[in-house]
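Architecture and fold: a report
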Amino acid sequence: MEQRAFNGKIMADPKVLKLSPLLIFAKVADETGNVHNCLIHQHGLNFLYQATSGARVALYGHLNQRKQFVVTHFTVVASSASVAS
């Protein structure tokens, strides 16, 4: 598996796909305009709490067989709620 990182912006609010184990889906557009389908498992509740539509994020992970980006580490750089406050 080739690990890679990119910065991007969340296109829509993250969605919970599965509760046990927790699996979250988010569409993220990077700086070049490519849209990535991202799956977040590790620390998914933190991601769900911090990330909203329009938030800037830094993601690190790998692609699975279905070409989905599996996130292993993330940072929410700025959310729209914190910028507005």
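Here the structure is a predicted model, which means the values were calculated and not measured.

Each value, and the rule that gives it
- Residues numbered from 1 in each chain as written.
- Predicted model: local features only at pLDDT ≥ 70, side-chain atom pairs only at ≥ 80, totals over all residues.
- Heavy atoms only, no water.
- Helix = DSSP H or I, 4+ residues; strand = E, 2+ residues; numbered from the N terminus.
- Buried < 20%, exposed > 50% of the residue type's maximum accessible area, 1.4 Å probe, protein only.
- Contact = heavy atoms within 4.5 Å.

A separate point is the environment of Cys 38. Examined against the element boundaries, Cys 38 turns out to sit in strand 4 (residues 35-40). We classify Cys 38 as buried; its relative accessible area is 1%. In sequence terms Cys 38 and Ile 24 are 14 residues apart; their C-alpha atoms lie 8.1 Å from each other. Discounting residues that sit within four places of it in the chain, Cys 38 has contacts with Phe 6, Ile 24, Phe 25, Ala 26, Val 28, Leu 59, Phe 69 and Val 71.

In the segment running from Ser 20 into Pro 21, the intervening peptide bond is cis, with an omega of -10°. Along the polypeptide, Pro 21 turns up in the loop between strand 2 (15-19) and strand 3 (22-30). Even without a glycine there, the phi angle at His 43 is positive, about 60°. Note on placement: His 43 falls in the loop between strand 4 and helix 1 (44-50). Since its relative accessible area comes to 57%, His 43 is described here as exposed. At Lys 67, a position not held by glycine, the phi torsion is positive, near 65°. The class for Lys 67 is exposed, based on a relative accessible area of 63%.

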